[in-house]
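# Observations on the three-dimensional arrangement
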Amino acid sequence: MESLLAFGLLIGLILGGLWIQFAVAISGLVYIYLLNGFGGFRALGLVSWGSANSFTLAAIPLFVLMAEILLGSGLSGRLYNGVAPFVRRLPGGLLHTNIAGSGIFAAISGGSAPTAAAMSTVAVPELAKRGYDRSLVAGSLAAGGTLGILIPPSITMIIYATFTETSIARLFAAGLFPGIMLALIYSGYIILRALMNPAMTPTVTERATWGDLGRALLDIVPFLLLVIVVLGSIYGGLATPTEAGAVGVVSATLIAALYGKLTLSLLTDSLSRCLSMSGNILFVVFASLIFAYATALSGAGEALVGVLEDANLSRTTFLLAIMVVFAILGCFMEGLGMIAIIVPILLPALIALEVDPVWFGVFVVILVELGQITPPLGVILFVVASATSDLKVETVIKGVLPFFLLILGFILILIAFPQIALWFPSFLFDG
């Protein structure tokens with residue numbers, strides 16, 4: 001009964017428009033009071049210290065700062081223009097630039113919203129001038145933006161690792177190839193649509209000269225080197241994810257300087273946005289740790305294990321049920337909140353069903369991707385719609401629906417073939 005009241009209060013506060021941090025914190029405190037009275041609050045000091053005293057979480061502001069420096073210097077336009085000559089002659093033309101550019105920027109930004117914002121600001125006006133179908137442009141940008149939390153480094157994966165005590169390096173390795181596969185699936189769909197209805201994507205007839213390709217490489221190579229340095233140092237065992245984040249900040253600053261964009265104003269603005277965003281993320285973590293502590297006190301996780309045993313649910317049925325829950329919650333809750341609330345409850349059940357926590361991390365992150373483009377309230381839909389004043393959310397929803405179905409299909413493939421996510425971390429860390 002206490003659990004039902006606490007979760008009912010949480011959903012009610014979120015639907016009422018309260019910020020997720022405060023909704024989770026208030027529900028968690030009420031939950032603790034219902035379980036242990038005021039005496040239960042004595043542990044809040046330890047809970048708050050545990051949320052702050054974390055070397056793992058220190059990676060978050062570093063990756064955020066790295067992305068803000070690149071985003072603030074306007075280099076996303078260079079990245080977009082650098083990718084374009086290599087893909088524009090494919091069926092679908094410059095729409096592939098949305099996917100490829102988002103994939104590369106995702107490996108820098110660590111988040112979906114920055115990726116979608118950066119690519120949409122550049123791509124929507126450019127492709128509108130060239131006569132591309134607006135709904136397909138918007139859908140490809142929204143889908144490409146979701147790659148930001150799957151392709152490492154991923155802030156969402158860091159949060160998941162915090163709650164499950166899973167290796168971040170293994171999670172980053174596990175997310176790499178599913179992210180690349182999902183990007184290729186998106187591009188395959190664009191090719192199919194372009195072949196079926198050529199009017200949606202203007203045909204590009206001019207060939208890129210060697211000079212064009214050379215100039216494009218100059219725009220792309222610094223970003224690729226940044227990705228290689230950050231991820232290579234983690235996969236090679238040379239640095240922890242937190243240390244790699246620090247290397248990434250230095251590298252991003254050097255790239256901005258290389259292109260003549262490094263100014264004192266850029267650094268101060270980037271630091272200001274980094275503090276605001278990091279404070280918001282870490283506040284969600286702190287509030288969610290309170291709720292997770294209350295959940296542990298109530299024994300909800302162990303009770304769920306008992307229910308599963310009594311119902312004799314299979315692993316696949318359980319995972320399909322989780323898919324439905326995340327798809328619904330994604331309509332009105334951000335991804336960090338979903339992970340922070342649901343994962344601690346599910347963890348005992350995952351252990352009982354012998355679900356690999358690294359694989360489940362990739363599974364959950366893809367579900368969060370799904371939630372971020374779930375119509376009508378997925379957050380990425382509004383990020384893309386805000387790229388220009390004349391792009392409506394309805395247009396974005398129309399374009400994103402096929403990509404929504406593609407993600408659903410990929411999740412089912414991942415359930416059937418878990419080695420898609422597990423082979424690379426096993427290769428790197430288990431020899």
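Here's a quick rundown of the structure.

How each quantity is defined
- Residues numbered from 1 in each chain as written.
- Predicted model: local features only at pLDDT ≥ 70, side-chain atom pairs only at ≥ 80, totals over all residues.
- Heavy atoms only, no water.
- Phe/Tyr/Trp six-rings, centres within 6.5 Å; stacked < 30°, edge-to-face > 60°.
- Helix = DSSP H or I, 4+ residues; strand = E, 2+ residues; numbered from the N terminus.
- Buried < 20%, exposed > 50% of the residue type's maximum accessible area, 1.4 Å probe, protein only.
- Contact = heavy atoms within 4.5 Å.
- Salt bridge = Lys/Arg side-chain N within 4 Å of Asp/Glu carboxyl O.

Attention shifts here to the packing of aromatic side chains. Considering all chains together, one arrives at 15 aromatic pairs under this definition. Relative to F172, the ring of F63 lies with its centre 6.5 Å away and its plane at 65 degrees, an arrangement referred to as edge-to-face. Of this pair, F63 sits in helix 4 (residues 59-72) while F172 sits in helix 10 (residues 168-196), and the two are 109 residues apart along the sequence. A single burial state applies to F63 and to F172, both of which are buried. Ring geometry for F177 versus W423: centroids 5.0 Å apart, planes at 55 degrees, classification tilted. Linking F177 in helix 10 with W423 in helix 20 (residues 419-429), this pair joins segments that are 246 residues apart in sequence.

For helix 20, the full list of buried residues reads I420, A421, L422, F424 and P425. Looking at the buried positions of helix 20, the neighbouring elements they touch are helix 10, helix 11 (210-235), helix 17 (357-372) and helix 19 (393-416).

A separate point is the environment of L90. Within the fold, L90 resides in the loop between helix 5 (76-87) and helix 6 (95-109). C-alpha of L90 to C-alpha of A194: the two residues are 104 residues apart in sequence and 9.4 Å apart in space.

A few words on the pattern of salt bridges. Following the criterion strictly, the structure yields 2 salt bridges and no others. The partner of R273 in a salt bridge is E68, and the shortest N-O contact between them spans 2.6 Å. You can see R273 sitting in helix 13 (residues 264-298) and its partner E68 sitting in helix 4, a full 205 residues away along the chain. The class of E68 is buried, set by a relative accessible area of 6%.

Before going further, it helps to examine unusual backbone geometry. Residue P153 is reached from P152 by a cis peptide bond, and omega for that bond is 0 degrees. Structurally, P153 is set in the loop between helix 8 (134-146) and helix 9 (155-164). The residue E165 is not glycine, and still its phi comes out positive at about 55 degrees. Relative to the helices and strands, E165 resides in the loop between helix 9 and helix 10.

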